[in-house]
Amino acid sequence: IDVALSELLGNGRVPPPQSTHALTSFVEGESRVLALKLPMPFTNSAELTFTNTSDGAFAFELGLEGERSVPAHTFGRLHVQRRDTVGPTQELLHVAVQASGLGRLAGVCAYLQAQPDADSGIARQPLNALEGDVRATVDGVLALDGTGTEEYADDVYYFAEAPQSSPFVQAWGVVSDAAPGRANLCRWHVLGTELDFSSSLELTFELGGSRNPGIVERLRTVAFLYQ
């Protein structure tokens, strides 16, 4: 895992205000408490290091919970894949996950920023880019064929219900009434909704609602998988 702490804990400009099974978020006094609850198994040792890359001081408190044992069954290590598409681009797809061998996808968090799509048949507004489909190919077979980005987070109509959360999804920080449009989401494949693969996995986001990737200013994803 080599990623900014803010991206590890929600991948947004602001932290998620709600909790899911995999990522807890709440306010305690004047502090925001964030807890990533995905297991991080290791056999012999583990090391955590934090580097301040900003010009100013930064303070946080860190807590860890674990067990002095490893699962009896075969398990993998937790990995993170961070991908960033920055516009302008003519690429049609943003590849969020690409893995080979045996593994399990546990979740994907995304941050999208885009301009309105003048060519869209839908009312021109800053979040037309959410028309981009999410697709997953497992072991060479199409296993997930979405109809839009917000549907991947169990929402509709450009996150009309956001901010929202359930045990499996979080959506927040949605700006749909001014350009650029922005949205944050996390989809957690946990508690029986994991995407397991034996030989390969690819998960992609279509860039641009009407095959117009030029409207996307940024799509950043952080994917969590075990291998």
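Preceding this section is the structure that the text describes.
So, here's what we can say about the structure. Position numbers for residues start from 1 in each chain and track the written sequence from start to end. In keeping with the model being predicted, local features are shown solely for residues with a pLDDT of at least 70 and side-chain atom pairs are shown and tallied solely at 80 or more, while totals for entire chains, interfaces and linings include all residues. Where side-chain values are given, they derive from all heavy atoms of the structure, hydrogens and water being excluded.

**A few points about the overall build of the chain**
Right, so step 1: For helices the rule is a DSSP run of H or I covering at least 4 residues; for strands it is a run of E covering at least 2, with both sets numbered from the N terminus onward. Assigned secondary structure in the chain consists of two helices and 13 strands.
Right, so step 2: Atoms counted for the radius of gyration: C-alpha only. Globule rule: 2.2 Å times residue count to the power 0.38. Computed over its C-alpha atoms, the radius of gyration of the chain comes to 18 Å, within 12% of the 17 Å expected for a compact globule of 227 residues.
Right, so step 3: Each principal axis of the C-alpha distribution contributes one length, and for the chain these read about 55 × 45 × 30 Å.
Right, so step 4: Put simply, the chain has 227 residues, and 43% of those count as buried.
Right, so step 5: Contacts between residues were defined by any pair of non-hydrogen atoms, one from each residue, lying within 4.5 Å. Here the contacts in the chain between residues at least 6 apart in sequence split such that 69% fall between residues at least 24 apart.
Right, so step 6: Accessible surface for the chain amounts to roughly 12500 Å². Of this, 50% is attributable to carbon and sulfur atoms.
Right, so step 7: Counting 15 positive and 28 negative side-chain charges, the chain places the averaged centre of each group 3 Å from the other. Here's how the labels work: a residue is buried when its accessible area is under 20% of the maximum for its type, exposed when over 50%, partly exposed in between, all with a 1.4 Å probe on protein chains only. A 1.4 Å probe and the Shrake-Rupley method give the accessible areas. Residues count as covered only by the protein chains that appear here. Note on charges: Lys and Arg go in the positive column, Asp and Glu in the negative column, and His and the chain ends are not counted at all. For charged residues, the charge sits on one atom: NZ in Lys, CZ in Arg, CG in Asp, CD in Glu.

**Quick word on the sheet that holds strand E4 (residues 93–100)**
Right, so step 1: Pairing between strands requires that DSSP locate at least two bridges from one strand to the other. The strand order across the open sheet formed by four strands is E4-E12-E6-E7, and the pairing between neighbours is antiparallel. The outermost strands of the open sheet, each flanked by one partner alone, are E4 and strand E7 (141–145). For this sheet, the mean angle separating the axes of adjacent strands, direction not counted, is 15°. Axes, fitted as lines to C-alpha atoms, cover a helix only where it is in contact. Angles between the N-to-C directions of the axes lie from 0 to 180 degrees.

**Quick notes on the nonpolar core**
Right, so step 1: If you look at the biggest cluster of nonpolar residues, it comprises 33 residues, and the most contacted ones within it are Val97, Leu105, Leu203 and Phe205.
Right, so step 2: When contributions to this core are tallied by element, the ones reaching two or more residues are E4, strand E5 (103–114), strand E6 (134–138), strand E9 (169–175), strand E10 (181–188), strand E11 (195–197), strand E12 (200–206) and strand E13 (216–226).
Right, so step 3: Looking at this core element by element, the count peaks at five residues for E5.
Right, so step 4: Among residues more than four places away in sequence, those in contact with Phe205 are Leu92, Leu93, His94, Ala96, Val108, Ala110, Asp133, Val134, Thr149, Tyr152, Leu219 and Thr221.
Right, so step 5: Only buried residues count toward a nonpolar core. Its members are Ala, Val, Leu, Ile, Met, Phe, Trp, Tyr and Cys residues joined through side-chain atoms within 4.5 Å. Residues Leu8, Leu36, Leu38 and Tyr226 belong to the second largest nonpolar core, which totals 18 residues.

**Let's talk about the pattern of salt bridges**
Right, so step 1: Here, a salt bridge means any side-chain nitrogen of Lys or Arg that lies within 4 Å of a carboxyl oxygen of Asp or Glu. Within the structure shown, the criterion is met by eight salt bridges.
Right, so step 2: Put simply, Asp84 and Arg82 hold a salt bridge, and the shortest N to O gap is 3.6 Å.
Right, so step 3: A relative accessible area of 37% places Arg82 in the partly exposed class.
Right, so step 4: Here Asp154 makes a salt bridge to Arg187, at a shortest N to O gap of 2.9 Å. With Asp154 in the loop between helix H2 (149–152) and strand E8 (164–165) and Arg187 in strand E10, this pair connects stretches of sequence that are 33 residues apart.
Right, so step 5: Several salt bridges share partner residues, and in doing so they unite Glu7, Arg82, Asp84, Arg218 and Arg220 into one network.

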